[in-house]
Amino acid sequence: MIKTQHFTGAKKALLLSFAATGLLSLANTASATAVCNPFEPWAEGASYASGKTVTYNNIDYQALTAHTAYVGANWNPAASPTLWKNLGTCSSWTVSNPPTPTINPTPTPTPSTSPTQVTVLESQVRKYGPCTNIPNPDQTPYWTFGAVYQAGTHIRPSNYIYSHYQGWARFTAKVTHTSTPATRPIDNGTTLTYDAAIWDVEFVVPGVCPTRSPTATPTTTPTPTPTATPISSIGAWNSTTVYTAGQRVSHNGRTFEAKWWVQGQTPNAADQWGPWKDLGAINLTTATPSPTPDQTTPPCSSGPQGTTPPSQPGYIWEWVITIDGACHRGEWKSKPAPTPTASASPTPGSHAFVTSVKTTTWKNGAKGAYSLVHDDYCSMPVGTDPYIKIMDPELKNRGLVAGFAVITGNCSPQHWAAAKQMIANGHEIISHSRNHPDPYINDAELEAQLNGSAADIAANLDGYKASYFVWPSDTASSTGTNFLKYSSQYLGGRASHLLNNGNVDYTTMPAGINPPDFINAYRIKWDLFTVDGKWSLYPMGSEILNLHIDAAINQGGWATRTMHSVDTGYWETAPLARYQAHLDYAKAKVDAGELWMDTPSNVIKYRFAREFCKPALNDGQLFFETWAPECKQYATPITLEFSTRELNQEAKEGVFVIQNGKALTVTPKGNNTYLVTADPMAGVVTFKLYP
C-alpha cells in the first residue's frame, strides 16, 4: 500500500472545508525537507474495521480483525500483535512540503482517560423511593460491556444486590460514553465502586417514597358507618404481609390496590402519593353469606391473618394456598363439619410455629464445597480411554460427580456417546476449547475456540449447554478473560495465568480456596495435581488431594481440583490406588455432612441462587424473590435452615414441609433446627405440624 503524495481530490476539499469552518489551521513549512505523512493516529476508545490502517508511535499498522480499543484495555497496536499488523516505520511514507494540519475538533463530552474511581459506603448514598417514575429493578437494564450509554441513561450493576429493606443501586450516566471494564460500576455488597466522572448513583428503596406536596388537597367523602357487618371478597390488609403491584386489600371499609412493592405502610385514602390506590368503599352485605359450600377469594389476596372465614352452619373452613402462575392465591375452602367428639380442638395458628429461616452457605448445610475436574477428555483412544473406563465408573460407584473438560475437535462419535452417559451419571461436560492451542489461545481465535467448542458440544450432545470453561494450559490474555466474562454462553471459568508482553506470567497463578461469597465466577481458584505435588499449594510429599478438601472445610469455602488422567496417560497421570483412596476420602466427608461435592457450574449456581432467590417467611409460608433476573439465571435448589418453637413431645408433634403439593425431605439438626432443600422456582414452601 502506497500513500498519495499530494492533497488532492476529496481529501483536499475536506481540508479546505475544515479551514473555512475554523476547524483547521495550516502551518507553513519553509523547508522542502521530506516529512512523515502518517495515517490517522490510533486512538483509545475508537472502533476499527478489519484492514483499517493507523499510525502509532511513528509506526504504521493494519487491523487484522474488527474490534474496539476499549479505554483501559491497553490494546494499542504495539502491545496487540494479534489485533494489528506492523507495516513499518512512518518514515517510509513521505511527501515533499505538505501543509501540516492542526485539527481543532469541537469538544464533545467524553469520559476521562484517567477515571476518577471512588468507593463509597452504601449508607452514604442518596436514597429514593420506588414512585411511579422509577422502574423496578427488573425493568432497568444491566451494565453491558461495549454498550454506548447516552447521558441520562439508567443502569444497574451487572452484579447488583437487591434487598427489600436496603433497595438497589441505580446508576445514571453523566456523559455519553462507550462502556469498558474501566468504567464498569460495581456493587461490592456494602460499598459501591464507580467512576464519579461518568456515573451518578442513588439507592432505590422499595416502600419508601419522597414526600411530595399535592397541588390541591383532595376532598374525601366520609364513609357512612354501616349497620351491617362488612363482608369483602378482598383479604384484609396485614402490616406484616408483603404486597406487590396490583394486589388488593380491604381496610377501614375501603378497597385499596398496591402501586408497587410495599410492606407495613397503612392504606390511607387521603395519601394520593403513597403506595396504595384507593378504589372506593367496600360493598356491604349482611353477615350471612350465600349458602354455598365453597367460597373463594380473588387471586393474590393477603392471606388468612386478619381475615374471617364465612359463617355457615354445618361447615368448617380452612385456608388453602395454591399456585396461579407467579401469583400466590389464597382461598377459603369449605367441607362438612365432622360429628363432634371428645377430642381436643386444634390449636389456632399452629402453622406459625416456624420462628426463623435462612439459606445455608453450601448445599445440605455442608461446611465446604469441592469440585473435581478432569482435563483433556477426548485426548486418548476411545478403546482404552481411562476417562470412560476408570474415572466415570469409579465416581459413579460412590455416588460422586465431577467435571470432564473436553477438547471438542478431538472427539470421535464414540467419545460423544460416552459423554452422554457421563451426563446421565450427573457429571458436567466442560468446554476446554476446540483444539487446545499451545501455549495459549490467541485473541483472534477466541470466538472459534470458546464459542465454537460450546457449539460442538451442543451439536453432539442433544443441545447440552456448556456453562464452564477451562483455558488450555491454564493461560489467557486480558482480552481473553474479558471475552469469557462478557460471553452469554458461560456462567464461569477456571482462572488462568496471565500474559505479559506475550510471555506467561506464572506469578499470577490463581491457586487457592474460593471464599463462600466469591464475586468473579470467571476466575475460579484451583489447585493442580502432579504426582510429586511440585506445583501444589501443599507440601511436596503430602497427600495434596485430601489436603485441598480439608482446606475447603476448614475455611468454609469452595475447593476445585485440576487433574488429568488416571492409571494410563501422557501427563501427570494419577495412580489408580491413589485416585480411589481420594474418592473414598471425599465420600466419607460427604456422608459425614462436612462436604458438598458437585460440578463447577452447580456450585456457581448455588452461590448466586442463595443471594438472588432470597427467601421470606410470612405467617408459616415461605416465598422466594423469583422476579430478579439473576434468580432465573442461576435458579437451582437451595438448602434452608429453619428453627421452630419447642415442640410438644407428649403430643408427638413433628414437622413436615410441602412445596407444590409434594413433601420435602426434612433433616433434624438438633435444638429445634432442621434442614430442607427447596427449589425457588417451584412455588411457596409451607411448614406444617403433625399429627
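To be clear, the structure that these remarks concern was listed above.
Asker: Before we move on, could you go through the overall build of the chain and cite the residues and values that matter?
Answerer: From N to C terminus, the chain includes nine helices and 43 strands. Residue burial in the chain is summarised as follows: out of 691 residues, 44% are buried. Counting only contacts in the chain whose residues sit at least 6 apart along the sequence, the fraction spanning at least 24 positions is 66%. Here the chain has roughly 33400 Å² of accessible surface; of this, 53% comes from carbon and sulfur atoms.

Asker: Could you give me a rundown of the sheet that holds strand β38 (residues 638-644), with the residues and numbers involved?
Answerer: The strand order across the open sheet built from four strands is β24-β38-β42-β41, with neighbouring strands paired in antiparallel fashion. If you trace the sheet from one side to the other, it starts and ends with β24 (354-359) and β41 (666-670), each paired once. Between one strand and the next, the sheet's axes are offset by a mean angle of 25 degrees, whatever the strand orientation.

Asker: Would you mind going over the packing of aromatic side chains in detail, with residue names and values included?
Answerer: Applying the stated rule across the entire model yields 20 aromatic pairs. Centre to centre, the rings of Trp-143 and Tyr-486 are 5.8 Å apart; their planes meet at 65 degrees, and the pair counts as edge-to-face. Pair noted here: Trp-143 is in the loop between β11 (127-128) and β12 (148-149) and Tyr-486 is in the loop between α5 (478-485) and β30 (492-493), with a separation of 343 residues, a long-range link. With a centroid separation of 5.9 Å and 65 degrees between ring planes, the pair formed by Tyr-149 and Trp-199 is classed as edge-to-face. Separated by 50 residues along the polypeptide, Tyr-149 in strand β12 and Trp-199 in strand β18 (residues 199-204) bring together distant segments of the chain. For the pair Tyr-149 and Trp-199, one class covers both residues: buried. Taken together through their ring pairs, the aromatic side chains of Phe-518, Trp-558, Phe-608, Phe-612 and Tyr-634 make up a single cluster. Above the face of the Trp-362 ring, Arg-610 is positioned so that its terminal group lies 5.5 Å from the ring centre.

Asker: Pulling in residues and values, what's your account of a nonpolar patch on the surface?
Answerer: Together, Trp-535, Tyr-570 and Trp-571 make up an exposed nonpolar region whose accessible area comes to about 360 Å². Position of Trp-535 among the secondary structure elements: in the loop between β33 (527-528) and α6 (544-555).

Asker: Which residues make up the environment of Leu-537, and what values do they have?
Answerer: Note that Leu-537 resides in the loop between β33 and α6. Assessed through its relative accessible area of 41%, Leu-537 is described here as partly exposed. Distance in space between the C-alpha atoms of Leu-537 and Ala-511 is 7.0 Å, their sequence separation being 26 residues. Not counting the four nearest positions on each side in its chain, Leu-537 is found in contact with Ala-511, Gly-512, Asp-527 and His-548.

Asker: Can you tell me about the environment of Ile-282, naming the residues and giving the values?
Answerer: Locating Ile-282 in the fold gives a position in the loop between β21 (276-281) and β22 (315-324). Here Ile-282 falls in the buried class, since its relative accessible area comes to 12%. Along the backbone, Ile-282 and Gly-253 are 29 residues apart, and their C-alpha atoms lie at a distance of 5.6 Å.

Asker: Tell me what's going on with the state of the cysteines, and back it up with residues and numbers.
Answerer: All chains considered together, the criterion is met by two disulfides. Bridging Cys-378 to Cys-411, the disulfide has an S-S length of 2.0 Å. Judged by the torsion about the S-S bond (95 degrees), the Cys-378/Cys-411 disulfide is right-handed. With Cys-378 in the loop between β25 (368-377) and α2 (386-397) and Cys-411 in the loop between β26 (403-406) and α3 (413-424), the pair connects residues that are 33 residues apart, well separated along the chain. Here the two residues Cys-378 and Cys-411 agree in accessibility, since each one is buried. Covalently, Cys-613 is tied to Cys-631 through a disulfide, its sulfur atoms 2.1 Å apart.

Asker: Can you lay out the sheet that holds strand β29 (residues 475-476) for me, pointing to particular residues and giving the numbers?
Answerer: Judged by pairing direction, the sheet is mixed, and its three strands sit side by side in the order β29-β31-β32 without closing on themselves. Since the sheet does not close on itself, it has two edges, and those belong to β29 and β32 (503-505), each with one partner. By the bridge criterion, two bridges tie β29 to strand β31 (residues 497-500) in an arrangement that is parallel. Bridge assignment links Ala-476 to a residue of β31, and that residue is Leu-498.

Asker: So what's going on with the pairing of strand β5 (residues 59-63)? Which residues, and what values?
Answerer: Pairing of strand β4 (residues 53-56) with β5, which is carried by four bridges, proceeds in the antiparallel orientation. Bridged to Tyr-56 within β5 is Ile-59. Between β4 and β5, which pair antiparallel and follow one another directly, the connecting turn spans two residues, one of which, Asn-57, has a positive phi of 50 degrees. Two strands pair when backbone bridges link them, and β5 and strand β7 (residues 84-89) are joined in this way by five bridges, in the antiparallel orientation. Within β7, the residue paired with Tyr-61 across the bridge is Asn-86.

Asker: So what's going on with the pairing of β18? Which residues, and what values?
Answerer: Counting buried positions along β18 gives five out of six residues, so the element sits mostly inside the fold. Sheet analysis places strand β14 (residues 168-173) next to β18, joined by six bridges and oriented antiparallel. The partner of Ala-173 across the bridge, within β18, is Trp-199.

Asker: Can you tell me about the nonpolar core, naming the residues and giving the values?
Answerer: With 92 residues, the main nonpolar core has Leu-372, Tyr-377, Leu-395, Ile-429 and Ile-604 as its most contacted residues. Beyond its immediate chain neighbours, meaning those up to four positions away, Leu-372 contacts Leu-395, Ala-402, Gly-403, Arg-561, Met-563, Tyr-579, Leu-583 and Met-597. Counting 16 residues, the second largest nonpolar core, distinct from the first, contains Phe-145, Leu-192, Tyr-194 and Ile-198.

What counts as what
- Residues numbered from 1 in each chain as written.
- Predicted model: local features only at pLDDT ≥ 70, side-chain atom pairs only at ≥ 80, totals over all residues.
- Heavy atoms only, no water.
- Helix = DSSP H or I, 4+ residues; strand = E, 2+ residues; numbered from the N terminus.
- Buried < 20%, exposed > 50% of the residue type's maximum accessible area, 1.4 Å probe, protein only.
- Contact = heavy atoms within 4.5 Å.
- Areas by Shrake-Rupley, 256 points an atom, 1.4 Å probe, with all protein chains shown as cover.
- Pairing = 2+ DSSP bridges.
- Axes fitted to C-alpha atoms, helices over the stretch in contact; angles between N-to-C directions.
- Phe/Tyr/Trp six-rings, centres within 6.5 Å; stacked < 30°, edge-to-face > 60°.
- Lys NZ or Arg CZ within 6 Å of the ring centre and 35° of its normal.
- Patch = residues over 30% accessible without salt bridge, like charges linked within 9 Å, V, L, I, M, F, W, Y side chains within 5 Å.
- Salt bridge = Lys/Arg side-chain N within 4 Å of Asp/Glu carboxyl O.
- Disulfide = S-S within 2.5 Å.
- Core = buried A, V, L, I, M, F, W, Y, C linked by side-chain atoms within 4.5 Å.

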